[in-house]
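Descriptive structure summary
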Amino acid sequence: MIEILSPAELDRARATGALVASILRTVQERSTVGTNLLEIDRWTRAMIADAGAESCYVDYAPSFGRGPFGHYICTSVNDAVLHGKPHDYTLADGDLLTLDLAVSLDGIVADSAVSFVVGKTRPAESLALIEATERALDAGIAAAGPGARIGDLSHAIGSVLTDAGYTVNTEFGGHGVGSTMHQDPHIANTGRAGRGYTLRPGLLLAIEPWVMADTDELVTDADGWTLRSATGARTAHSEHTVAITEDGVEVLTLR
């Protein structure tokens, strides 16, 4: 399903995007050495409830997960890159943490993710991974707009990631959002320009480059959800929800 939002729905999407950005900013600021991932989940649950919003994750049970996710935010640490299930782990100096959050407010969803290093130790490999995904995200956003094709975004993202020396996994990528969290069109993190669905004003997209340092192979953790690099290498993931407008593209989840 591909949804095209009305102007009124787009205004609601802006409010959802601002909420997601605010929660992620607050959680990132609070996530320091000694923070437990379950604390992060509790903070997120409270902020979603205080805003009168709904979690897109707690009851989410797709075919690639094992049962309902059961938590309010994805917390992926070091070699975990996607769908990191909060558990009893205390953050250490130098950990690479990815926070991924999707909520629904007034019937419209926004989705965003940020990767950052915790504490004072700044491993060069981690910083390079984060920087590559952020540049790829910027490139994907720059390629979007009315009349662009999905392949234009995929090509722009993949060019940045491969030029940085990373291989790209295409099992998971960006996607449409709207009244639900995961919709068509799928946005692979590499691809050919000029191919795929033509973007129209009113379309919401979650654009999300992610990479692993030395592999493109994923393994699933024992929790049935958390996806890790097959080699144990570090990973990073950056994501924004954007709206296609008559004039171009608007980022809804800027922090």
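The residue numbering used here restarts from 1 in each chain and proceeds along that chain's sequence as written. Whole-chain, interface and lining totals are the exception, using all residues; otherwise, since this is a predicted model, local features are given only for residues with pLDDT of at least 70 and side-chain atom pairs are given and counted only at 80 or more. Side-chain calculation: all heavy atoms of the structure are included, whereas hydrogens and water are not.

1. A word on the sheet that holds strand 10 (residues 218-220)
Worth spelling out the cut-off: Each pair of strands is called paired provided DSSP finds at least two bridges between the two strands. Think of it this way: any DSSP run of H or I at least four residues long counts as a helix, any run of E at least two long counts as a strand, and we number them from the N terminus. Where helices are involved, their axes are fitted lines through C-alpha atoms of the stretch in contact, as for all axes, and angles between N-to-C directions lie from 0 to 180°.
Across the sheet, three strands lie side by side as 3-11-10; this open sheet has antiparallel pairing. Both outer strands of the open sheet, strand 3 (80-82) and strand 10, are each paired with one neighbouring strand and no more. Direction aside, neighbouring strands of the sheet carry axes that sit 45 degrees apart on average. Here three bridges tie strand 10 to strand 11 (residues 227-229), and the two strands are oriented antiparallel to one another.

2. A look at unusual backbone geometry
For the bond running from Asp184 to Pro185, omega is 5 degrees, close enough to zero to count as cis. Within the secondary structure, Pro185 is located in strand 7 (residues 183-187). Even without a glycine there, the phi angle at Asn78 is positive, about 60 degrees. Relative to the assigned elements, Asn78 resides in the loop between strand 2 (74-77) and strand 3. The backbone of Asp106 shows a phi angle near 55 degrees, a positive value even though the residue is not glycine.

3. Some remarks on the pairing of strand 13 (residues 240-244)
Heads up, the rule is: In this scheme, a residue with accessible area under 20% of its type's maximum is buried, one over 50% is exposed, and one in between is partly exposed, where area comes from a 1.4 Å probe on protein chains only.
Counting buried positions along strand 13 gives five out of five residues, so the element sits mostly inside the fold. Going residue by residue along strand 13, you find His240, Val242 and Ile244 tucked away on one face and Thr241 and Ala243 tucked away on the opposite face as well. Both strand 13 and strand 14 (residues 249-251) contribute to a ladder of three bridges, which runs antiparallel. Across the sheet, residue Ala243 finds its bridge partner in strand 14, namely Glu250. Hairpin connection from strand 13 to strand 14: four residues lie between these consecutive antiparallel strands, with Gly248 at a positive phi of about 155 degrees.

4. Overview of the sheet that holds strand 6 (residues 174-177)
Judged by pairing direction, the sheet is antiparallel, and its five strands sit side by side in the order 7-6-8-13-14 without closing on themselves. Both outer strands of the open sheet, strand 7 and strand 14, are each paired with one neighbouring strand and no more. Strand-to-strand twist of the sheet, defined as the mean angle between neighbouring strand axes without regard to direction, takes the value 30 degrees.

5. Observations regarding the environment of Glu246
What counts is decided by this rule: The contact criterion used throughout is that any non-hydrogen atoms of two residues lie within 4.5 Å.
Within the secondary structure, Glu246 sits in the loop between strand 13 and strand 14. Its relative accessible area of 66% is what places Glu246 among the exposed residues. C-alpha of Glu246 to C-alpha of Gly202: the two residues are 44 residues apart in sequence and 8.3 Å apart in space. The residues touching Glu246, leaving out its near neighbours within four places in the chain, are Pro146 and Pro201.

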